[in-house]
Amino acid sequence: MKELSSSQVIGQKIYLIRGQKVMLDKDLAALYGVKAIRLREQVKRNKKRFPEDFMFQVSNEEIDFMVSQNAIPSRKHLGGAQPFVFTEQGVAMLATVLNSETAILANIAIMRAFVKLRETLAAHKELAHKLGQLEKKIEKHDEEIIAIFNAIRLLMAEPEPKEKKI
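These lines cover the structure that appears in this document, whether it is placed above or below. This structure is a prediction, so every number in the text was calculated from the model and none was measured. (Residues numbered from 1 in each chain as written. Predicted model: local features only at pLDDT ≥ 70, side-chain atom pairs only at ≥ 80, totals over all residues. Heavy atoms only, no water.)

A few words on the overall build of the protein chain. Looking only at helices and strands, one finds six helices and four strands in the protein chain. The helix and strand sequence of the protein chain, counted from the amino end, reads α-β-β-α-α-β-α-β-α-α. Counting across all 166 residues of the protein chain, residues that qualify as buried make up 28%. Summarising the internal contacts of the protein chain: among those between residues at least 6 apart in sequence, 70% fall at separations of at least 24. On the protein chain, roughly 12100 Å² of surface is accessible, and the fraction owed to carbon and sulfur atoms is 57%. (Helix = DSSP H or I, 4+ residues; strand = E, 2+ residues; numbered from the N terminus. Buried < 20%, exposed > 50% of the residue type's maximum accessible area, 1.4 Å probe, protein only. Contact = heavy atoms within 4.5 Å. Areas by Shrake-Rupley, 256 points an atom, 1.4 Å probe, with all protein chains shown as cover.)

Next comes the structure, spelled out in structure tokens:
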């Protein structure tokens, strides 16, 4: 159960598909200690609990993209089928249909991993914003420094000889 509490381990099983952070049915089944087919059966029995924004089936193009990006080693990794993926809300809903002790503990660990991922992304977004602000300040200072150097160069330039009046 130590592995379940590792947000990092679970975080590696969270993918970005269709702009949503999701987990594969196969990975969830392994975490819950059930076979993937049993997890899918429970979901099918409770179809009303899993609208499209909680769960959807991955297309062949999305699978090919995951393989090309090395998110998964090969199509075989998915067992030859188009998997279902679950959003954070879908994972939470799974807790209502999978009610074993292992499923409950796994669900808690998964929810914590989603929260940690959200916090990490927020921290990166804040850092990117601060970096952008710093770049703007530096650009402004660069312009000011260039102006100072130009003024110094003008002061250092030899004065042009004055014409004498006869």
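For the rest of this paragraph, the subject is the pattern of salt bridges. Under the criterion given, the structure shown has four salt bridges. The closest approach of N and O atoms between D25 and R40, which form a salt bridge, is 2.7 Å. Placement of D25 in helix α2 (residues 25-32) and of R40 in helix α3 (residues 36-45) is noted, with a sequence separation of 15 residues between them. On the accessibility criterion, D25 (1% relative accessible area) is buried. Owing to a relative accessible area of 24%, R40 belongs among the partly exposed residues under this scheme. Three or more residues joined by partner-sharing salt bridges are found here, namely R18, E52 and E62. (Salt bridge = Lys/Arg side-chain N within 4 Å of Asp/Glu carboxyl O.)

Our focus in this paragraph is α2. Most of α2 sits out of view: six of its eight residues are buried. Two residues or fewer past α2, G33 is found with a positive phi of approximately 75°.

Time to look at helix α4 (residues 60-68). If you check which residues of α4 are buried, you get E62, I63 and M66. For α4, the buried positions fall inside an angular range of 100° around the axis, keeping them on one side. Turned more than 90 degrees away from the buried face of α4 sit E61 and F65, all of them exposed. Against the buried residues of α4 lie β1 (14-17), β2 (20-24) and β3 (55-57). (Arc of directions from axis to C-beta.)

With that out of the way, let us pick up a nonpolar patch on the surface. Taken together, the side chains of I145, I148, F149, I152 and M156 define a hydrophobic patch exposed on the protein surface, amounting to about 510 Å² of accessible area. One can find I152 in helix α6 (residues 101-156). (Patch = residues over 30% accessible without salt bridge, like charges linked within 9 Å, V, L, I, M, F, W, Y side chains within 5 Å.)

It is worth spelling out the sheet that holds β3 at this point. The pairing of strands in a sheet happens through backbone hydrogen bonds and is either parallel or antiparallel. As summarised here, the arrangement of the four strands in space is β1-β2-β4-β3, forming an open sheet in which the pairing is antiparallel. Unpaired on one side and paired on the other, β1 and β3 mark the two borders of the sheet. Between one strand axis and the next, the sheet turns through 40° on average, direction left out of account. Pairing geometry for β1 and β2, over four bridges, is antiparallel. In the sheet register, Y15 faces β2, and the bridge partner there is V22. Contacts from helix α5 (residues 88-97) reach β2 and β4 (84-87), with the element oriented near 95° to β4. (Pairing = 2+ DSSP bridges. Axes fitted to C-alpha atoms, helices over the stretch in contact; angles between N-to-C directions.)

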